[in-house]
Amino acid sequence: MTTPSDFTGTAALLVNSAGQYLLHLRDNRPINDPFTFCLLGGGPKNGESPQETIARELKEETGLVIPDLAPFQIEDSHGRRIHVFVGHFDGDAASIPLTEGILVHWFDYDKLPDLRLARGTQNVIDKHRATLTSPPSGVLALSGNQAMLNVVGAHLYLERDGNVLLGKRSPTAAYAPDTWHTLAGHVEAEAARACMVREAKEEARIILNPADLELAHVVHMREGSSLPRLQLFFRARRWSGEPYLNEPDRCTQWRFWDPDALPSPLVDYTRVAIDGIRAGRLYSEMGWTSS
């Protein structure tokens, strides 16, 4: 096989039967994106083809031999052309004899926003999810001219004396660091209101009853090449508990804000949702271009 002239690297997108992705935590050597999670892979030696390179890299770094590796796409990263291959593997990540980096681990797709990912990793995985015929948990498949998965998020619109609860995200958060946002999470294998109850308890020790949650606003949004997202905002008619920093690695402060004096920076779609709720609108769109 002729080696592509623009070929400078490879990556392996390994998926198990549960739909999880095997990610590699880089160490602090002088490399691109240290201390981030990425796909396994590396560059060629001695005129290797992309297929030969990825097979060797997997064997050297993990001892893995994946017989069904198939070309998936080519990604541009740090000025390099990365040939991405996809394959199936159901092994135990903890038993892999890793020779480079810190660790490898299986991650659910819905947990990726909580990680510090190397540049391009989320984009590759999003594109893979868009090819699936059966949507995994937390994702809604829509029909149309081109089938595409939509990620579903649940958000809490919690009011006290006319003020709305917002949290300041950690400076190390993968999404919107040091930015104010509502209490929120990705819907997993559960109903959206059940997700809201779970996330409120896990993040802030706020106790909710699903029956006390009503849909207040929906933002259907698209950001760049990432998957579309349905952001559901629920108003709580009743609740108990005081907001508590139960996950300080994700949120560093809870505070009730006057809707006329919201903090900055604030997640853009959160501001759109709050404005929509105050105006009595149920639905907004962001990031879509007309055809």
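Residues numbered from 1 in each chain as written. Predicted model: local features only at pLDDT ≥ 70, side-chain atom pairs only at ≥ 80, totals over all residues. Heavy atoms only, no water.

A. Up close: the overall build of the chain. Each helix and strand counted, the chain has four helices and 17 strands in total. Here the chain displays about 14300 Å² of accessible surface, and carbon together with sulfur accounts for 50% of that area. (Helix = DSSP H or I, 4+ residues; strand = E, 2+ residues; numbered from the N terminus. Areas by Shrake-Rupley, 256 points an atom, 1.4 Å probe, with all protein chains shown as cover.)

B. Just the side chain of Ser 284, in detail. Position of Ser 284 among the secondary structure elements: in strand 17 (residues 283-286). A polar contact is formed between the side chain of Ser 284 and the side chain of His 217, at a distance of 2.7 Å. Setting aside chain neighbours within four positions, we find Ser 284 in contact with His 217, Val 218, Val 219, His 220 and Val 272. (Polar contact = N/O pair within 3.5 Å; in protein donor to acceptor, adjacent residues only side chain to side chain. Contact = heavy atoms within 4.5 Å.)

C. Layout of empty space enclosed by the protein. In this structure the tally under the stated criterion is one cavity of 30 Å³ or more. Estimated volume of the largest cavity: approximately 40 Å³. Lining the largest cavity are Tyr 109, Asp 110, Leu 112, Pro 113, Gln 122, Val 151, His 186 and Arg 229. When the residues that make up the lining of the largest cavity are grouped by side-chain class, the tally is four nonpolar, two polar and two charged. (1 Å grid on protein atoms, 1.4 Å probe; cavity = no way out; pocket = protein on both sides within 12 Å on 5 of 7 lines; lining within 4 Å. Points joined across faces, edges and corners; volume = space filled by probe spheres on them. Nonpolar A, V, L, I, M, F, W, Y, C, P; charged D, E, K, R; others polar.)

D. Molecular detail of the pattern of salt bridges. In total, this model carries 16 salt bridges according to the counting rule given. When the shortest N-O distance is used, the salt bridge between Arg 198 and Glu 202 registers 3.3 Å. With Arg 198 and Glu 202 both in helix 3 (residues 192-204) and four residues apart, this pair spans about one turn of that helix. Among the ionic pairs, Glu 214 bridges to Arg 235, the shortest N-O distance being 3.6 Å. Here Glu 214, found in strand 14 (residues 213-221), pairs with Arg 235, found in strand 15 (residues 229-236); they are 21 residues apart in sequence, far enough to count as distant. (Salt bridge = Lys/Arg side-chain N within 4 Å of Asp/Glu carboxyl O.)

E. Spotlight on helix 3. End to end, helix 3 covers 18 Å across 13 residues, agreeing with the expected 18 Å (1.5 Å per residue, within 8%). Among all positions in helix 3, only Cys 195, Met 196, Arg 198, Glu 199, Ala 200, Glu 203 and Ala 204 are buried. With its phi angle positive at about 60°, Arg 205 sits one or two positions after the end of helix 3. (Expected span 1.5 Å × (residues − 1). Buried < 20%, exposed > 50% of the residue type's maximum accessible area, 1.4 Å probe, protein only.)

F. Structural view of the environment of Val 84. Within the fold, Val 84 resides in strand 6 (residues 80-88). Classification of Val 84 by relative accessible area gives buried; the value is 3%. The spacing of Val 84 and Phe 72 is 12 residues in sequence and 5.5 Å in space, taken between C-alpha atoms. The contact partners of Val 84, leaving out residues within four places of it in the chain, are Ala 11, Leu 13, Leu 39, Ala 70, Pro 71, Phe 72, Gln 73, Glu 75 and Val 124.

G. Structural context of helix 2 (residues 121-129). Helix 2 sits mainly inside the fold: seven of its nine residues count as buried. Here helix 2 has its buried residues at Thr 121, Asn 123, Val 124, Ile 125, Asp 126, His 128 and Arg 129.

H. A look at the confidence of the model for the chain. Here the chain averages 86 in pLDDT, while 87% of its residues score no lower than 70. Low confidence marks residues 1-5, where pLDDT is under 50. Its contacts with residues over four positions away, or in another chain, come to six contacts. Within the model, the stretch residues 135-146 combines pLDDT values under 50 with 28 contacts to residues more than four positions away or in other chains. (pLDDT = per-residue confidence, 0-100.)

I. Local environment of the packing of aromatic side chains. One pass over the structure, following the stated rule, counts five aromatic pairs. Here the basic side chain of Arg 255 rests over the ring of Trp 257, its NZ or CZ set 3.7 Å away from the ring centre. (Phe/Tyr/Trp six-rings, centres within 6.5 Å; stacked < 30°, edge-to-face > 60°. Lys NZ or Arg CZ within 6 Å of the ring centre and 35° of its normal.)

J. How the structure looks around the pairing of strand 1 (residues 9-15). Within strand 1, seven of the seven residues are buried, which leaves the element mostly enclosed by the surrounding structure. Pairing of strand 1 with strand 6, which is carried by seven bridges, proceeds in the parallel orientation. The residue bridging Leu 13 from the neighbouring strand is Val 86, located in strand 6. Pairing analysis gives three bridges linking strand 1 to strand 4 (residues 40-42), with the strands arranged antiparallel. By the bridge assignment for strand 4, Ala 11 is matched with Gly 41. (Pairing = 2+ DSSP bridges.)

K. Representation of the nonpolar core within the structure. By size, the foremost hydrophobic cluster in this structure holds 22 residues, and its most contacted members are Leu 156, Leu 158, Leu 183, Met 196, Ile 206, Leu 208 and Leu 213. Mapped by element, the contributors of at least two residues to this core are strand 9 (148-157), helix 3, strand 14, strand 15 and strand 16 (251-257). Counting residues in hydrophobic clusters, the runner-up holds 19 residues, among them Leu 13, Val 15, Leu 112 and Leu 115. (Core = buried A, V, L, I, M, F, W, Y, C linked by side-chain atoms within 4.5 Å.)

L. Spotlight on unusual backbone geometry. Pro 265 follows Ser 264 through a cis peptide bond whose omega is 0°. One can find Pro 265 in the loop between strand 16 and helix 4 (268-279). Positive phi is not limited to glycine here, since Asn 46 has a value of about 55°. By secondary structure assignment, the location of Asn 46 is in the loop between strand 4 and helix 1 (50-62). Even without glycine at this site, Asp 178 takes up a positive phi of about 55°. Here Asp 178 is to be found in the loop between strand 11 (163-169) and strand 12 (180-181).

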